[in-house]
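One letter stands for each residue in the lines below.
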Amino acid sequence: MDMQLNELQQQISDACGKILERRAGPGRARALRAAGDFDRLLLTEMAEAGFLDLFGEPEAGPLVAALITQWGAQAAALAPIGIRGLVAPSVIHGDLPEVIAIAEQGAMGAVRYGAEADMLIVLDGDEARVARRGEFKAETIKSKFGYPIARITEAKGEALAPGAGAIARRWWRVAIAAEISGSARGAVDLTIRYMGDRVQFDRPIATYQALQHRIVECHVSTDAATWATREAAFRGAPVELAATAAIIASEAAHRVFFETHQLTGAMGFTTEYDLHLYTMRLQTLRLEMQGLRAHARDLIDARWSAAS
Amino acid sequence: MDFEWAPEEAEFRHDLKTFLEAELPENFDAFAMEPDEQKAFSKAFAVKLAEKRWLTPAWPKEYGGLAQGPWQQLILSEEMVAHGEPRTAQYMCVNWVGPALILAGNEEQKAYHLSRISRGDVVWCQGFSEPGAGSDLAALRTKATWDGSEYVIEGEKVWTSYADTADFCFLLARTDPDARKHHGISIFLVPTDAPGLTISEIPSIFSAGTFNQCVFDGVRAPEAWRLGPENGGWPIIRQLLVNERVGVARFRRAAETLDRAAEAAREAGLLADPVIAQALAMARAACEAARVLIYRVVDQRAKGEAPEETAYVYRVATIRAERAVYEATVQVEGSGALLKGSFGAQQFGHALASGVATGTLEMQLNLIARDVIGGGRK
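All figures in this text were calculated on a predicted structure; none of them were measured in a lab.

### A word on the overall build of chain A
Of regular secondary structure, chain A possesses 10 helices and nine strands. For chain A, the C-alpha radius of gyration of 19 Å lies close to 19 Å, the compact-globule estimate for 308 residues. Each principal axis of the C-alpha atoms in chain A carries an extent, and together these give about 65 × 50 × 40 Å. Within chain A, the proportion of its 308 residues that are buried is 55%. The contacts in chain A between residues at least 6 apart in sequence include a share of 70% that link residues at least 24 apart.

Okay, structure coming up:
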């Protein structure tokens, strides 16, 4: 066990951090959202640097792919880093396009990056198929919840190997948990700064114990989601750990959404202030894959449904 | 960063599990025993552990330990609590009373007390809390006054677990009433049969014998009972309370209770009930959150750092886990959770006490706030 980055991981962190610092950030996310766009440039740069193809690399592997997803979300990157770096390579070997979306058969009414994707992975129970551009139809839906969203009206495509749906589902959960934990960390850090700046009754609101406890509870939930995600990725996303990470992350998403907005007051409702760039995504992420209900069901089935 | 157990750690866990499964009945729970029965059992069991040097494996070899590192300490704690914590009060002796003696004891104190602890031959209680000193422990007023030949101890300690069965009390008392409050405190190693010390039970909503009051009425304490320098007790305590806060893998015991409750739910055909399913899943997730968060604490200790914020974060996660497991058990059992021996009745005390004992939830939140809001998060 070692909870600190090793030398290679640190090098990747430094290099990836430089790209995110230059290309991502709340300002960039705001501009992209205003234009109804997403960050293809960022994805391209990360792909060229090799940061989206580490899943199968023995020295890096899924843990580093999950870390990159967390760092990207924390930097408010508006791009499907987790799906491209963590989910797609778990079931598709070989060259991948940069922009990939994922959906479940029967639940394709609100798919992140559905209209922008070069490739769509469709899960159907334990099976999956992959549809390339031209093999699926997507209608953009106007959404305030942080991401470009589309309705998939048709998706053909080619079947993946037997059982690919079950595998992709596990990694999708880890990717969701990674994005939640990164976005939640961004929201918590921003709120802590706000609490230090915002003065009421002649004191920064960060000095009030009642408010301190609320943001600290968010910090604990975010830490839990961060580390549960990392462990699940490291261990190859077994059903139980992946579902557990997603549940922990769902709890964090729920708590961080309401508490950071509460602590930021009306300023947090404005699009001028950065908070919504992190928090509105949390709503989308915690409902993806049918949310807690589905994560809980898979955890129950994996851990307790068979007679011991 | 990696989450792989080293081969020797995996082997240690395997050996421990094999031993405990052979020695203990299925679903053993020492905390379900009556106090006297529990003390007798834990003493006898500690002897078996001591024979394998598994009672004090983290201690230095010169004191009868195996000099094992923090990761093995975690494994030991996890496996012990997963098997009903057969050491009961011994964990306290081993986790922090012993280390306190190693840190600050003189040769006579080490020779006498460490050998007894490492044999499992003794039970300690901690004389910390007072009616006016709970979260603000340094506000304690029990005083030890030097009369020229001995200290004379006057005061009252409350909520003292195991005092009714303990042989010694690890006592904090004020030796300089004029010093600033953290600076005038000393530690005393007081036999519980010392004249002037009266121990009586405080009736509580928990099982019998959980809480005790210790009244010190002119207890005469020779200088040899003082641990460490006069007025120098607080730094020792501060260092060792981290052991107390993370020394018990509570999440693992809670997870074991949850597994048994879930098994009962499965047998009763209740796993499909959405309320029960959600409660079970949330509780499992909460236990797992605490488990993964203790890794950071142990990692820091293994690297020679003194964990603070990460330890408090872990404690908060543990409290959440204890409460979530209680909620899951009551959803599974319904009003059956009110009955003695039910999962709910077992978990009730843990869920309630975890947010108060060994530092309240609010203190943990304050301490985290100091780091993440105060000086800025690293």
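### Some points on the overall build of chain B
Helix and strand counts for chain B stand at 11 helices and eight strands. Relative to the globule expectation of 21 Å for 378 residues, the C-alpha radius of gyration of chain B, 21 Å, shows essentially globular dimensions. When its C-alpha atoms are laid out on the principal axes, chain B stretches across 70 × 50 × 45 Å. Expressed as a percentage of the 378 residues in chain B, the buried residues total 49%. Residue pairs in contact within chain B that sit at least 24 positions apart in sequence constitute 70% of those at least 6 positions apart.

### As for helix α3 (residues 40-48) of chain A
Residues and elements named next belong to chain A. Where α3 is concerned, the buried positions are Leu42, Leu43 and Met46. For α3, the angular spread of the buried residues around the axis is 100°, confining them to a single face. Against α1 (7-23) and α5 (81-91) lie the buried residues of α3. Positive backbone phi, approximately 85°, marks glycine 50, located one or two places after α3.

### A closer look at the sheet that holds strand β4 (residues 127-132) of chain A
All names here are of chain A. Taken together, the four strands give an open sheet; going across it, the order is β1-β3-β4-β7, and neighbouring strands pair in mixed fashion. Both edges of this open sheet fall to β1 (100-104) and β7 (158-159), since each of them pairs with a single strand only. Note that β1 and strand β3 (residues 119-124) share five bridges and pair parallel. Each bridged residue has a counterpart across the sheet, and for glutamate 104 the counterpart in β3 is leucine 123.

### So, the domain arrangement of chain B
Looking at the assigned domains, one finds that chain B contains domain 1 (7-88), domain 2 (125-230) and domain 3 (249-373). Here the C-alpha centre of domain 3 of chain B lies 31 Å away from the C-alpha centre of domain 2 of chain B.

### A look at the packing of helix α6 (residues 164-197) of chain A against helix α8 (residues 239-264) of chain A
Angle between the axes and distance between the axes are the two parameters that describe a pair of packed helices. Residue and element names in this part refer to chain A. Between α6 and α8, whose axes approach to 8 Å, the crossing angle comes to 25°. With respect to α8, the axis of α6 lies roughly parallel. The two elements α6 and α8 meet at a crossing, and its hand is left-handed. Counted by class, the contact of α6 with α8 contains 19 nonpolar, four polar and two charged residues.

### Observations concerning the environment of Met46(A)
In this fold, Met46(A) is placed in helix α3. Setting aside anything within four residues of it in sequence, one finds Met46(A) in contact with Ile19(A), Phe51(A) and Leu52(A).

### Side note on the interface of chain A and chain B
Listed by partner, the interface residues are 36 residues for chain A and 32 residues for chain B. Sort the elements by how many residues they give to the side of chain A that touches chain B and helix α7 (residues 209-234) of chain A lands first, with 13 residues. When the residues that make up the side of chain A that touches chain B are grouped by side-chain class, the tally is 20 nonpolar, nine polar and seven charged.

### Details of unusual backbone geometry
All names here are of chain B. For glutamate 85, which is not a glycine, the phi torsion comes out positive at approximately 45°. Looking at where glutamate 85 falls in the secondary structure, it is placed in the loop between α3 (70-82) and α4 (90-104). Of note in this structure, threonine 358 is not a glycine but carries a positive phi near 50°. Relative to the helices and strands, threonine 358 is located in the loop between α10 (343-353) and α11 (361-374).

### Quick look at the sheet that holds strand β6 (residues 149-155) of chain A
Residues and elements named next belong to chain A. Reading across the sheet, the three strands line up as β2-β6-β5 and stay open at both edges, with antiparallel pairing between neighbours. Two strands in the sheet have a free side with no partner beyond their single neighbour: β2 (111-112) and β5 (136-141). Inspection of the sheet shows β5 paired to β6 by six bridges, in the antiparallel sense. Across the sheet, the residue bridging to lysine 137 is glutamate 154, located in β6.

### Points about the packing of α8(A) against helix α9 (residues 275-287) of chain A
All names here are of chain A. Axis separation between α8 and α9 bottoms out at 9 Å; the angle between their running directions is 150°. As far as their axial angle goes, α9 and α8 are roughly antiparallel. The two elements α8 and α9 meet at a crossing, and its hand is left-handed. Across the interface between the two elements, Ser250, Ala253, His254, Val256, Phe257, Thr260, His261 and Thr264 from α8 touch Leu275, Thr279, Leu282, Gln283, Leu285 and Arg286 from α9.

### A word on the pairing of β4(A)
All names here are of chain A. Sheet topology places β3 next to β4; six bridges connect them, and they run antiparallel. Among the inter-strand pairings, aspartate 124 is bridged to a residue of β4, identified as glutamate 127. Hairpin connection between β3 and β4: a loop of two residues separates the two successive antiparallel strands, and glycine 125 in this loop has a positive phi of roughly 65°. Relative to β7, β4 is paired through two bridges, and the arrangement is antiparallel. Following the sheet pairing, arginine 129 is matched in β7 by alanine 159.

### Comments concerning the environment of Lys17(B)
Within the fold, Lys17(B) resides in helix α1 (residues 7-23). Separated by 348 residues in sequence, Lys17(B) and Leu365(B) have C-alpha atoms that sit 35 Å apart.

### Looking at helix α7 (residues 250-267) of chain B
An α-helical turn contains 3.6 residues, so a residue and the one three or four places further along point in the same direction. When the terminal C-alpha atoms of α7(B) are compared, their 26 Å separation across 18 residues agrees well with the 26 Å that a helix rising 1.5 Å per residue should span. Of all the residues in α7(B), the buried ones are Arg250(B), Phe251(B), Arg252(B), Arg253(B), Ala254(B), Ala255(B), Thr257(B), Leu258(B), Ala261(B), Ala262(B) and Ala265(B). Tucked into the core, α7(B) has its buried residues touching α10 (291-304) of chain A together with α3, α8 (274-302), α9 (309-333) and α10 of chain B.

### Regarding the pairing of strand β7 (residues 212-221) of chain B
Residues and elements named next belong to chain B. Alignment of strand β3 (residues 151-157) against β7, held across seven bridges, turns out to be antiparallel. Across the sheet, residue lysine 157 finds its bridge partner in β7, namely cysteine 214. Alignment of strand β6 (residues 197-201) against β7, held across five bridges, turns out to be antiparallel. Residue serine 200 lies in a different strand from β7, and its bridge partner there is glutamine 213.

### Considering the environment of Leu211(A)
Residues and elements named next belong to chain A. Secondary-structure assignment places leucine 211 in helix α7. Judged by local crowding, leucine 211 falls into the buried class, with 21 C-beta atoms found within 10 Å. Residues leucine 211 and glutamate 158, spaced 53 residues apart in sequence, show a C-alpha to C-alpha distance of 53 Å. Among all residues touching leucine 211, those that are not within four sequence positions of it are Met195, Ile205 and Leu263.

Thresholds applied
Residues numbered from 1 in each chain as written. Chains lettered and ligands numbered in written order. Predicted model: local features only at pLDDT ≥ 70, side-chain atom pairs only at ≥ 80, totals over all residues. Helix = DSSP H or I, 4+ residues; strand = E, 2+ residues; numbered from the N terminus. Rg over C-alpha atoms; globule rule 2.2 N^0.38 Å. Buried ≥ 20, exposed ≤ 12 C-beta atoms within 10 Å, placed from the backbone. Contact = placed C-beta atoms within 7 Å. Arc of directions from axis to C-beta. Pairing = 2+ DSSP bridges. Domains from an automatic or database assignment. Axes fitted to C-alpha atoms, helices over the stretch in contact; angles between N-to-C directions. Parallel < 35°, antiparallel > 145°, perpendicular 65-115°, else oblique. Left-handed = near helix turned anticlockwise from the far one by under 90°. Nonpolar A, V, L, I, M, F, W, Y, C, P; charged D, E, K, R; others polar. Expected span 1.5 Å × (residues − 1).

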